[in-house]
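Here's the letter readout for the chains.
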Amino acid sequence: MLDSLKNPLSLIGRLLIALMFLPAGWGKLTAFAGSVGYTASGGVPMPEVATAIALIIEIVGSLALIFGFGTRWAALALALFTLVASFFFHKYWAVPAEQVMIQQLMFFKNMAIVGGLLTLAAWGAGAWSLDAKRGN
């Protein structure tokens, strides 16, 4: 039974993961100065450059997942981005006690997303993708 759901589940999974990144990337693009300020507040070096790189990874990576084009590489890029960003913006080990729970939750949610992206990188986009149409 689950084999018959493999392709629709793969598509739905790609769309749901992209749903997290595409609005975030678009938000950085449309409110660049504010995004740079937020990036700087996390202690990220060269916040303007980092924000520009982040929005490109989020937008291009999301579109790649949605269409299933270059999916494995996009998933790896998004996984690395999410992993690095988690250590800058969800430092649950370095916040006041009243903030630990939410930051820890956000950190480990991001680790789960990294895991899902790595699985997508390993197995690919599935048959309902441009990658499959191209024979990748």
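Anyway, here's the lowdown on the structure attached to this text. (Residues numbered from 1 in each chain as written. Predicted model: local features only at pLDDT ≥ 70, side-chain atom pairs only at ≥ 80, totals over all residues. Heavy atoms only, no water.)

## As for the packing of helix 1 (residues 2-30) against helix 5 (residues 97-123)
- For the pair helix 1 and helix 5, the least separation of the axes is 11 Å and the interaxial angle reads 135 degrees. By the angle class used here, helix 1 and helix 5 are oblique. Our pair here, helix 1 against helix 5, has a crossing hand that is left-handed. Along its contact with helix 1, which presents Arg14, Ile17, Met20 and Phe21, the element helix 5 presents Lys109, Asn110, Ile113, Leu117 and Leu120.
- Here the residues of the contact of helix 1 with helix 5 are counted per class, giving six nonpolar, one polar and two charged. (Axes fitted to C-alpha atoms, helices over the stretch in contact; angles between N-to-C directions. Helix = DSSP H or I, 4+ residues; strand = E, 2+ residues; numbered from the N terminus. Parallel < 35°, antiparallel > 145°, perpendicular 65-115°, else oblique. Left-handed = near helix turned anticlockwise from the far one by under 90°. Contact = heavy atoms within 4.5 Å. Nonpolar A, V, L, I, M, F, W, Y, C, P; charged D, E, K, R; others polar.)

## Things to note about the pattern of salt bridges
- Applying the stated rule across the entire model yields three salt bridges.
- Aspartate 3 serves as the salt-bridge partner of lysine 6, at 4.0 Å between the closest nitrogen and oxygen. Of this pair, lysine 6 and aspartate 3 both sit in helix 1, separated by three residues, roughly a single helical turn. Of the two residues, lysine 6 and aspartate 3, both sit in the exposed class.
- Among the ionic pairs, aspartate 131 bridges to arginine 134, the shortest N-O distance being 3.4 Å. Remark: arginine 134 and aspartate 131 occur in helix 6 (residues 130-134); sequence separation between them is three residues, near one turn of the helix.
- Assessed through its relative accessible area of 8%, aspartate 131 is described here as buried. (Salt bridge = Lys/Arg side-chain N within 4 Å of Asp/Glu carboxyl O. Buried < 20%, exposed > 50% of the residue type's maximum accessible area, 1.4 Å probe, protein only.)

## A look at the packing of aromatic side chains
- Summed over all chains, the structure comprises eight aromatic pairs.
- Arranged with centres 5.9 Å apart and planes meeting at 45 degrees, the rings of phenylalanine 87 and tryptophan 93 form a pair that is tilted.
- Taking the relative accessible area as the measure of exposure, phenylalanine 87 reaches 43% and is therefore partly exposed.
- Taking 5.0 Å as the distance between ring centres and 75 degrees as the angle between the ring planes, the aromatic pair formed by tyrosine 92 and tryptophan 93 counts as edge-to-face.
- According to the relative accessible area criterion, tryptophan 93 is partly exposed, its value standing at 47%.
- In textbook terms, an aromatic cluster arises when at least three aromatic residues are bridged by ring pairs, as seen for Phe87, Tyr92, Trp93, Phe107 and Phe108. (Phe/Tyr/Trp six-rings, centres within 6.5 Å; stacked < 30°, edge-to-face > 60°.)

## Quick word on a nonpolar patch on the surface
- On the surface, Leu2, Leu5, Leu9, Ile12, Leu16 and Leu19 cluster together to form a nonpolar patch covering roughly 590 Å² of accessible area.
- Along the chain, the position of leucine 19 falls in helix 1.
- Here leucine 19 falls in the exposed class, since its relative accessible area comes to 56%. (Patch = residues over 30% accessible without salt bridge, like charges linked within 9 Å, V, L, I, M, F, W, Y side chains within 5 Å. Areas by Shrake-Rupley, 256 points an atom, 1.4 Å probe, with all protein chains shown as cover.)

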